[in-house]
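# Observations on chain architecture
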Amino acid sequence: MTHLWWARRDLRLDDNPALLEAQSDGPAAAVFAWTEAVHLWSGRRRAHLARSLWSLRDDTGGALAVARGRAAEVVLAAAQEADARVVWAAKEFSPAGVAEQQAVSEALEGDGRELRLHGSPYAVAPGRVLKSDGTPYRVYTPFLDAWRGHGWRAPAERADPDAFVSLGSLDDVDLDQRAAHGDSEDPIDPHHEFREERLRAALEDFIDGDVAGYAQDRDRPDLDATSHLSSALAFGQVHPRTVLAMLAPLRSDGSRVFQAELAWREFHADTLWHEPQARRESLTPVLAEDDWETGRDADDAFVAWRDGRTGFPLVDAGMRQLAQTGWMHNRVRMVVASFLIKDLRLPWQRGADHFRRALVDYDHAQNQLNWQWVAGTGRDAAPFFRIFNPQSQLERFDPDRRYVQRWIPELDTPEYPEPLVDHREERETTLRLHKRAKARR
Ligand SMILES: Cc1cc2nc3c(=O)[nH]c(=O)nc-3n(C[C@H](O)[C@H](O)[C@H](O)COP(=O)(O)OP(=O)(O)OC[C@H]3O[C@@H](n4cnc5c(N)ncnc54)[C@H](O)[C@@H]3O)c2cc1C
């Protein structure tokens, strides 16, 4: 009997337990739902999705159907067309993913079919790592130890690229046209590779080479010292278990630190699973509601930040890198976020919404919880009083100014704007307001 694989954030054949289950009784049908939500993304991220699907379709011998509509409608129609009683998919843990799989499950049940969830986008599924009293970890370091202690499975074998049946008539998204569209709209960053095989090869290269220096260089935006794996993890072309298995035999500091970064990804997903309100609400308040800036001046400041015209080179270089490539270095993400929240006193949600539209590697849990981390409002966040100084961060992490010069051609000319605010004054005001808010709580 044919089973259906509902592809979600797991666009790969390798190490994909849900897909293997779907193929366990013979060739499987495969479908991806191109939902309305995709239309809120940037053209670049949408094009990246189209390219990734195009590549996956190629890897399935043309069998993957990509159909427009809500997941519940698309998956039900595909199950009916394939005459599949059982649909397999990876389990999601974000509030939207949970609601989606619930709706799909109900639609299938109403038609005498069944959704079976197997595997997830994480090495250890959110909710699994708990303290001895059964409650979730609130602090990252003990979570990391417990997560390492819990361990994970070895990667699953590769699915059979020849064991697919086509669902031709369902397909109604022109991937060729969509994939090409992003190209004309935005030059694509060469780092945004979208083919599973090449992503895997790039990962192998990184682990054989740069990971050794990762502990030392990962905070330097002027060096290309990080893996650029984030969009492959967000779209699921690579599973973190595969990465962890590659790291296992290594003993360098770099490989250990790299593993710990993957654990941040799991920690944030775990936090959102236990506290779904964290997607919009601060877990800990830091300022009184009316201390955040609003009105025309606040809107102008936001636009200057968004467009990379604050007069603070590291902030501006980061925002331009984001605008031009859809990716930004992690250290710089922290600096621009701190600047928005603590220098401009704009709520973190505003910055997070902009990142959602602009990042190719956008991942709901990672984005919202990293913003909360910088804002000092998260579960194990940086203390609010730690305010990044954009100038000293520049001196420390881009000592030869190569990164800022690369992204701001007019940097040392009169065209470059004067600083939008006085960092020292804003810092003092923000800290004073924070103290007052704390005293009133
Ligand atoms: C304000 C802000 C917003 C962010 N939004 C996102 C987002 O939407 N999607 C996203 O994937 N990452 C996000 N990050 C985390 C981090 O910046 C990116 O994962 C990283 O820069 C991606 O580049 P890389 O793959 O070369 O990272 P590497 O340094 O090579 O790290 C390897 C992998 O570890 C994980 N990782 C590294 N740092 C973090 C971190 N701080 N939190 C969670 N996982 C981490 C990522 O999966 C990353 O791909 C955000 C960080 C900040 C400060």
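Conventions and cut-offs
Here the residue numbering is sequential within each chain, running from 1 through the sequence in written order. Where totals are concerned, whole chains, interfaces and linings use all residues; where local detail is concerned, this predicted model gives features only for residues with pLDDT of at least 70, and gives and counts side-chain atom pairs only at 80 or more. Note that water and hydrogens are dropped before the side-chain values are worked out from all heavy atoms of the structure. Secondary structure elements are taken from DSSP: a helix is a run of H or I of four residues or more, a strand is a run of E of two residues or more, and numbering for both begins at the N terminus. Each radius of gyration reported is based on C-alpha atoms, and the globular scaling rule is 2.2 Å times the count of residues to the power 0.38. The classification of residues rests on relative accessible area computed with a 1.4 Å probe and restricted to protein chains. Under 20% of the type maximum is buried, over 50% is exposed, and intermediate values are partly exposed. In what follows, residue pairs with any heavy atoms lying within 4.5 Å of each other are defined as contacts. Under the convention used here, a 1.4 Å probe and the Shrake-Rupley method define accessible areas, while residue burial counts only the protein chains that appear. When charges are counted, neither His nor the chain ends are considered; positive counts come from Lys and Arg and negative counts from Asp and Glu. Where a charge lies is defined by one atom per residue type, namely NZ (Lys), CZ (Arg), CG (Asp) and CD (Glu). Two strands qualify as a pair provided DSSP detects at least 2 bridges between them. Each axis is a line fitted through C-alpha atoms, and for a helix only the stretch in contact is used; angles between axes span 0 to 180 degrees, taken between their N-to-C directions. One heavy atom within 4 Å of a molecule or strand makes the whole residue count as near it. Any pair of nitrogen or oxygen atoms within 3.5 Å is treated as a polar contact; in protein, a donor-acceptor pairing is required on top of that, and neighbouring residues in sequence qualify only through side-chain atoms on both sides. Gly is placed with the polar residues, together with every amino acid not listed as nonpolar (Ala, Val, Leu, Ile, Met, Phe, Trp, Tyr, Cys and Pro) or charged (Asp, Glu, Lys and Arg). An automatic or database domain assignment is the source of the domain bounds shown. Oblique is the label for any angle not covered by the other classes, which are roughly parallel (under 35 degrees), roughly antiparallel (over 145) and roughly perpendicular (65 to 115). Crossings are assigned a handedness: left-handed for a near helix turned anticlockwise from the far helix by less than a right angle, right-handed for a clockwise turn. When two parts are brought into contact, each loses some accessible area as probed by a 1.4 Å sphere; the total of that loss over both is the buried area. Working definition of a nonpolar core: buried Ala, Val, Leu, Ile, Met, Phe, Trp, Tyr and Cys residues. They are joined through side-chain atoms within 4.5 Å. By convention, a crossover is right-handed whenever its connection, traced from the first strand over the helix to the second and viewed with the strands pointing away, goes clockwise. Whether two aromatic rings pair depends on their centres lying within 6.5 Å, for rings of Phe, Tyr and Trp, where Trp uses its six-membered ring; planes under 30 degrees apart make the pair stacked, over 60 edge-to-face, and the rest tilted. Both a distance and an angle decide whether a charge sits over a ring: NZ of Lys or CZ of Arg must be within 6 Å of the ring centre and within 35 degrees of the ring normal.

### Structural notes on the overall build of the protein
- Along the backbone of the protein there are 19 helices and five strands.
- For the protein, whose C-alpha radius of gyration is 23 Å, the value lies close to the compact-globule estimate of 22 Å for 441 residues.
- Along the first, second and third principal axes, the C-alpha set of the protein runs to 70 × 55 × 50 Å.
- Of all 441 residues assigned to the protein, the portion counted as buried reaches 56%.
- For the protein, contacts bridging at least 24 residues in sequence account for 81% of all contacts bridging at least 6.
- Looking at the protein as shown, the accessible area adds up to about 19500 Å², and 47% of this sits on carbon and sulfur atoms.
- Across the protein, the mean location of the 57 positive side-chain charges is 5 Å away from that of the 72 negative side-chain charges.

### Brief notes about the sheet that holds strand 3 (residues 65-68)
- Taken in spatial order, the five strands make up an open sheet running 3-2-1-4-5, and their pairing is parallel. Both outer strands of the open sheet, strand 3 and strand 5 (114-117), are each paired with one neighbouring strand and no more. Within the sheet, the average angular offset between the axes of one strand and its neighbour, ignoring direction, is 30 degrees.
- Pairing of strand 1 (residues 4-7) with strand 4 (residues 86-89), which is carried by two bridges, proceeds in the parallel orientation. In the strand pairing of strand 4, Leu4 is matched with Val87.
- Here helix 2 (residues 43-59) sits on the sheet and contacts strand 1, strand 2 (29-34) and strand 3; the angle it forms with strand 2, its principal contact strand, is near 170 degrees.
- Sheet strands in contact with helix 3 (residues 71-82) are strand 1, strand 2, strand 3 and strand 4, and its direction is about 160 degrees off that of strand 2.

### Some details on the site of the ligand
- Close to the ligand lie 27 residues, the nearest being Tyr214, Thr226, Ser227, His228 and Asn330.
- Here an oxygen atom of the ligand sits 2.5 Å away from a polar atom, N or O, in the side chain of Tyr214.
- Measuring from a nitrogen atom of the ligand, one finds a side-chain N or O atom of Asn370 at 3.0 Å.
- Summarising the interface, the protein chains cover 97% of the accessible area of the ligand, which totals 810 Å² for the free molecule.
- Looking at the shell around the ligand, the elements with two or more residues in it are helix 9 (230-235), helix 11 (253-274), helix 14 (330-343) and helix 16 (364-375).
- When residues of the shell around the ligand are assigned to their parent elements, the largest contribution, six residues, is made by helix 11.
- In the shell around the ligand, the residues fall into 13 nonpolar, nine polar and five charged.
- When residues of the shell around the ligand are sorted by domain, at least three fall in each of domain 1 (122-155 + 196-274) and domain 2 (289-440).

### Considering the environment of Leu340
- Assignment of secondary structure puts Leu340 in helix 14.
- It is 16 Å that separates the C-alpha atoms of Leu340 and Pro383, two residues lying 43 residues apart in sequence.
- With near-sequence residues (within four places) excluded, Leu340 lies in contact with Phe302, Trp305, Arg345, Leu346, Pro347, Gly351 and Trp371.

### Considering the packing of helix 3 against helix 4 (residues 95-109)
- Put simply, helix 3 and helix 4 touch, their axes get as near as 8 Å, and they point 40 degrees apart. Judged on the interaxial angle alone, helix 4 and helix 3 are oblique. The handedness of the crossing between helix 3 and helix 4 is right-handed. On the side of helix 3, the interface is formed by Ala71, Ala72, Val75, Leu76 and Ala79, while helix 4 contributes Glu100, Ala103, Val104, Ala107 and Leu108.

### Observations regarding the domain arrangement of the protein
- Under the domain assignment, the protein is made up of domain 1 (122-155 + 196-274) and domain 2 (289-440).
- On a C-alpha basis, the centres of domain 1 and domain 2 stand 25 Å from each other.
- Each side of the interface is counted separately: domain 1 has 27 residues, and domain 2 has 22 residues.
- Between domain 1 and domain 2 the total buried area reaches about 2100 Å² when both faces are included, carbon and sulfur atoms providing 57% of it.
- Contact with domain 2 buries area across many residues of domain 1, yet Asp219, Pro221 and His268 alone supply 29% of it, more than any other trio.

### Observations concerning the nonpolar core
- Within the largest apolar cluster, 44 residues are counted, with the highest numbers of intra-cluster contacts made by Trp305, Met328, Val336, Leu344, Phe355, Trp371 and Tyr403.
- Among the elements of the structure, helix 12 (296-306), helix 13 (313-325), helix 14, helix 15 (348-358), helix 16 and helix 18 (402-407) are those that each provide at least two residues to this core.
- If one sorts the elements of this core by residue count, helix 14 sits on top with eight residues.
- Membership of the second largest hydrophobic core comes to 30 residues, among which are Trp5, Leu56, Val66 and Val360.

### Some thoughts on the pairing of strand 5
- Bridge count between strand 4 and strand 5: four bridges; the pairing is parallel. Bridge pairing in strand 5 places Val87 opposite Leu115.
- Once the chain exits strand 4 it traverses helix 4 before rejoining the sheet at strand 5, and the crossover so formed is right-handed.

### Comments concerning the side chain of Thr430
- With respect to the helices, strands and loops of the structure, Thr430 is situated in helix 19 (residues 423-440).
- The contact partners of Thr430, leaving out residues within four places of it in the chain, are Leu287, Lys342, Arg345, Phe384 and Ile387.

### Brief notes about the packing of aromatic side chains
- Taken as a whole and assessed by the stated rule, the structure comprises 17 aromatic pairs.
- Taken together, a centroid distance of 6.3 Å and an interplanar angle of 75 degrees make the contact between Trp41 and Phe235 edge-to-face. Placement of the pair is Trp41 in the loop between strand 2 and helix 2 and Phe235 in helix 9, with a sequence separation of 194 residues. Neither Trp41 nor Phe235 differs from the other in exposure class; each is buried.
- Consider the rings of Trp264 and Trp373, whose centres lie 6.5 Å apart with planes at 80 degrees: the pair is edge-to-face. Of the two residues, Trp264 sits in helix 11 while Trp373 sits in helix 16, which places them 109 residues apart along the sequence.
- Among the aromatic residues, those joined into a cluster by ring pairs are Tyr137, Tyr140, Phe143, Trp264, Phe267 and Trp373.
- Its end group placed over the ring of Trp41, Arg45 keeps NZ or CZ at 3.5 Å from the ring centre.

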